[in-house]
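# Notes for the structure review
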Amino acid sequence: MMIRPATPSDAEGMKAVHDEIFAAGLRKSPGDLAQVRANYIDAENRIGCFVAVDDEGRILGFQSLRHSWADNPYGVAEGWGIIGTHVSPRAARQGVGSGLFRATLAAAKVAGLENIDASIGADNALGQAYYEAMGFRTYRTTDGLVCKVYRVDQT
């Protein structure tokens, strides 16, 4: 497996990961190519987006990190990072998530972030467990979300 920055040519593979997560019942909607491009690859406030790729070139998962912005839908304070992780169920327990987080954390440090927010569905036990394993801790809850923070200076 290789971890590298996402490129525009990865959009279809990233959408496929969303579709696989949806098919497994772990996502509320299937992938959308325009949304993948807008939210991950071309995002104005993007700090980094990384893909995990297998030996055949298939995307196993991806992780994005963006600067928070005023009035963001998660209620994250400005100046924090907002992380999103998407791993194909076929790649579970293969080190994809931890590999992606190493790359994302390095980007967070270069960007000078102090805090990274992960807003996870309250019904997403797998997502909550992943972020806990990476060192995130719950700092607030909202309607339907458990919000976890990673303090970048802890590493």
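Residues numbered from 1 in each chain as written. Predicted model: local features only at pLDDT ≥ 70, side-chain atom pairs only at ≥ 80, totals over all residues. Heavy atoms only, no water.

One pass over the structure, following the stated rule, counts 7 aromatic pairs. What links up through ring pairs into an aromatic cluster is the set Phe101, Tyr130, Tyr131, Phe136 and Tyr150. (Phe/Tyr/Trp six-rings, centres within 6.5 Å; stacked < 30°, edge-to-face > 60°.)

The next subject is the pairing of strand E5 (residues 115-121). Every other side chain in a regular strand lies on the same face of the sheet, so the side chains alternate between the two faces. The buried count for E5 comes to 6 of 7 residues, which makes it a mostly enclosed element. Here strand E4 (residues 81-87) runs beside E5; their pairing, made up of 2 bridges, is parallel. Opposite Ile82, over in E5, you have Asp117 as the bridge partner. Where the polypeptide runs from E4 across helix H3 (residues 96-111) and back to E5, its parallel neighbour, the crossover connection is right-handed. Taken together, the 7 bridges between E5 and strand E7 (residues 145-151) define a ladder with antiparallel strand orientation. (Buried < 20%, exposed > 50% of the residue type's maximum accessible area, 1.4 Å probe, protein only. Helix = DSSP H or I, 4+ residues; strand = E, 2+ residues; numbered from the N terminus. Pairing = 2+ DSSP bridges. Right-handed = clockwise from strand over helix to strand, strands pointing away.)

Moving on: the pattern of salt bridges. All chains considered together, the criterion is met by 6 salt bridges. Across the pair Arg4 and Asp10 runs a salt bridge whose closest N-O atoms are separated by 2.8 Å. Linking Arg90 and Glu20 is a salt bridge whose minimum nitrogen-to-oxygen distance equals 3.2 Å. Pair noted here: Arg90 is in the loop between E4 and H3 and Glu20 is in helix H1 (residues 11-23), with a separation of 70 residues, a long-range link. Look at the salt bridges and you will find they share partners, linking Glu132, Arg137 and Lys148 into a network. (Salt bridge = Lys/Arg side-chain N within 4 Å of Asp/Glu carboxyl O.)

So, about helix H4 (residues 125-134). An α-helical turn contains 3.6 residues, so any two residues separated by three or four positions project in the same direction. Three or more residues of H4 are buried, namely Gly127, Gln128, Tyr130, Tyr131 and Met134. End-on, the buried residues of H4 take up no more than an arc of 160°, which puts them together on one face. H4 presents Ala125, Leu126 and Ala133 as exposed residues on the side facing more than 90 degrees away from its buried surface. Those residues of H4 that are buried lie in contact with strand E3 (59-67), E4, H3, E5 and E7. (Arc of directions from axis to C-beta. Contact = heavy atoms within 4.5 Å.)

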